[in-house]
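Summary of the model geometry
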Amino acid sequence: MAKNMIIGQSGGPTAVINSSLAGAIDYAFGQKEIDIVYGMINGIEGFLDGNTINLSDIFKSNPYELNRMKLTPAMYLGSCRYKLKNDEKEYEKIIDLLKERNIGYFFYIGGNDSMDTVYKLSKYTVSHGIDIKIAGIPKTIDNDLVGIDHSPGFGSAAKYISSAVRAVAYDTSIYNVKSVHIIETMGRNAGWLTASSVLARHGDSIAPHLIYLPEVPFSTEKFISDVKQKLREYNSVIAVVSEGLKDKNGRYICAQKGNVDRFGHVMLSGTGAYLKACIEDEIGCKVRALEPSVLQRSGGHISSLTDVEEAFNLGTVAVKAAIKGQTGVFSTLKRTSNIPYSVEYKTEDVSVVANAEKTVPLEWSNSDGHDGTQEMIDYLNPLIEGVVQMPYRNGLPDYIDISHLDIKKQKYRE
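Summarised in this report is the structure supplied together with it. The structure displayed is predicted, hence computed values, not measured ones.

One open sheet accounts for 4 strands, arranged 7-8-6-11; its pairing is parallel. The outermost strands of the open sheet, each flanked by one partner alone, are strand 7 (210-212) and strand 11 (286-290). Each strand of the sheet is rotated relative to its neighbour by a mean of 15 degrees, with strand direction disregarded. As defined by bridge partners, strand 7 adjoins strand 8 (residues 236-242) across 3 bridges and the pair is classed as parallel. In the sheet register, Y212 faces strand 8, and the bridge partner there is V241.

In structure tokens:
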């Protein structure tokens, strides 16, 4: 007998998380084991409040809209930052809601904390003999998930950052004056996005001149010295820094004391601004601090085709695994070759990725701690490849309608 499926998205958005959603939905529509496909509005938190949407009604007979969603950044289903407690009543409520909709398959797209939800729910259902298959689909621009070669969302964000750095390099090179531009990327403890800026280099253009990862203890004094040295060689110096730079004692150089998010993570802000002030005080040349902020994770117009396709495939792999009876797993990929680039898809126990963190290997940073190695470049290069054929309307990307996320509107809401 066919069961229904439900899927949700959680955590921070990416340019390709909807591609994973599309991959899961598209595969589910062709399976006799699955009847109706539902979506959680605003993740598990919204689901607990009874907020769902019938995805079969919207997409089953409309492949154009499904493809449109596939190429839309951020989250079609909305997000939340909610961590399940070890609360028996909360688990019981979730299971009751799933049974009300005859759900046999539960999927959650997200990062570390989202995989914790998959882990806890699957552990609970197995221990209580409940036949609901639960699987995770990975995503994060930070590329800090373990158990996977690289995370969906990272390639497109890396492409955005490297493109932005190249644009800044061209802009600043036109003036015959000394200047410093500090570009701050996202990345609390993992410097993958910061490192990706190395891909901006081409030909005789060596910008970024300096790259600082959070994995390497940061010294403001050394940073100023590095900048001074580069200014002796170049008029325009571009430094790319992680928001999560820490000193030798492990303290974030820009931490706002006492300000934390819902998961207890210290909220970071102002690394670039702090370093800008340092350069102004010590050197006195023209300085700008640039913060791409959410732009680096929402640039659907400059997505990596590799990223889009891999995200879609990982959605498919998760649904396929659940139909085969797997639960408590997440879909993953393993790189099998750099040249030609190739990967293989599989599943892994979700306990491997839940609440774990993958950082940049220290050997991929040069001996001075302000640049990447060739091994880093070889790892990164394939992930930004390919151009997405984005639909446009009136000169702008034609993203899918998300008015159902407005609580004042109820279109397609259950």
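Next comes the rest of the account.
This part covers the sheet that holds strand 3 (residues 52-54). Spatial ordering of the open sheet is given by 3-2-1-4-5-12-13, a layout of 7 strands whose pairing is mixed. One side of each edge strand has no neighbouring strand; the edge strands of this open sheet are strand 3 and strand 13 (342-349). Taken pair by pair, the neighbouring strands of this sheet meet at an average axis angle of 30 degrees, ignoring direction. Sheet analysis places strand 1 (residues 3-9) next to strand 2 (residues 34-40), joined by 4 bridges and oriented parallel. Bridging from a neighbouring strand, I6 pairs with Y38 of strand 2. Along the sheet, helix 1 (residues 17-29) contacts strand 1, strand 2, strand 4 (103-110) and strand 5 (133-138); its crossing angle with strand 1, the most-contacted strand, is approximately 175 degrees.

Together, I174, Y175 and V177 make up a nonpolar patch on the protein surface, roughly 310 Å² of accessible area in all. Of the residues examined, V177 reaches a relative accessible area of 42% and is grouped as partly exposed.

Attention now goes to the packing of helix 1 against helix 12 (residues 305-323). Relative to each other, helix 1 and helix 12 sit at 40 degrees, their axes nearing to 7 Å. Judged by the inter-axis angle, helix 1 sits oblique to helix 12. Relative to helix 12, the crossing made by helix 1 is right-handed. Residue-level inspection shows S19, S20, A22, G23, A24, D26, Y27 and A28 of helix 1 in contact with helix 12, the latter providing V308, A311, F312, G315, T316, V319, K320 and I323. A class-by-class count of the residues in the contact of helix 1 with helix 12 yields 9 nonpolar, 5 polar and 2 charged.

This part takes up the pairing of strand 5. Burial within strand 5 is extensive, with 5 of its 6 residues counted as buried. Pairing of strand 4 with strand 5 involves 6 bridges; the strand directions are parallel. Its bridge partner being in strand 5, Y108 is matched across the sheet by G136. Read from strand 4 through helix 6 (residues 112-127) to strand 5, the crossover connection turns out right-handed. When strand 5 meets strand 12 (residues 329-337), the two strands line up parallel, connected through 2 bridges. Bridge assignment links A135 to a residue of strand 12, and that residue is V329.

What follows covers the pattern of salt bridges. Taken as a whole and judged by the stated rule, the model has 13 salt bridges. The partner of D247 in a salt bridge is R251, with the nearest N and O atoms 3.4 Å apart. Residue R251 is classed as exposed on the basis of its relative accessible area, which comes to 51%. Each of E65, R68, R393 and D398 takes part in a single network of salt bridges with overlapping partners.

With that out of the way, let us pick up a negative patch on the surface. Together, D87, E88, E92, D96 and E100 make up a region of like negative charge exposed at the surface. The topology assignment puts E100 in helix 5 (residues 88-100). E100 gets classed as exposed once you look at its relative accessible area, which sits at 60%.

As a further point, take the packing of helix 9 (residues 220-233) against helix 10 (residues 271-282). Viewed as axis vectors pointing N to C, helix 9 and helix 10 meet at an angle of 60 degrees, and their least axial separation amounts to 11 Å. With respect to helix 10, the axis of helix 9 lies oblique. Crossing of helix 9 over helix 10 shows right-handed handedness. For the pair formed by helix 9 and helix 10, the contact residues are T220, F223, I224, V227 and K228 on the first element and Y274, L275, C278, I279 and E282 on the second.

Calculation notes
Residues numbered from 1 in each chain as written. Predicted model: local features only at pLDDT ≥ 70, side-chain atom pairs only at ≥ 80, totals over all residues. Heavy atoms only, no water. Pairing = 2+ DSSP bridges. Helix = DSSP H or I, 4+ residues; strand = E, 2+ residues; numbered from the N terminus. Axes fitted to C-alpha atoms, helices over the stretch in contact; angles between N-to-C directions. Contact = heavy atoms within 4.5 Å. Patch = residues over 30% accessible without salt bridge, like charges linked within 9 Å, V, L, I, M, F, W, Y side chains within 5 Å. Areas by Shrake-Rupley, 256 points an atom, 1.4 Å probe, with all protein chains shown as cover. Salt bridge = Lys/Arg side-chain N within 4 Å of Asp/Glu carboxyl O. Buried < 20%, exposed > 50% of the residue type's maximum accessible area, 1.4 Å probe, protein only. Parallel < 35°, antiparallel > 145°, perpendicular 65-115°, else oblique. Left-handed = near helix turned anticlockwise from the far one by under 90°. Nonpolar A, V, L, I, M, F, W, Y, C, P; charged D, E, K, R; others polar. Right-handed = clockwise from strand over helix to strand, strands pointing away. Lys, Arg positive; Asp, Glu negative; His and termini not counted. Charge placed at Lys NZ, Arg CZ, Asp CG, Glu CD.

These figures come from the coordinates and say nothing about function on their own.
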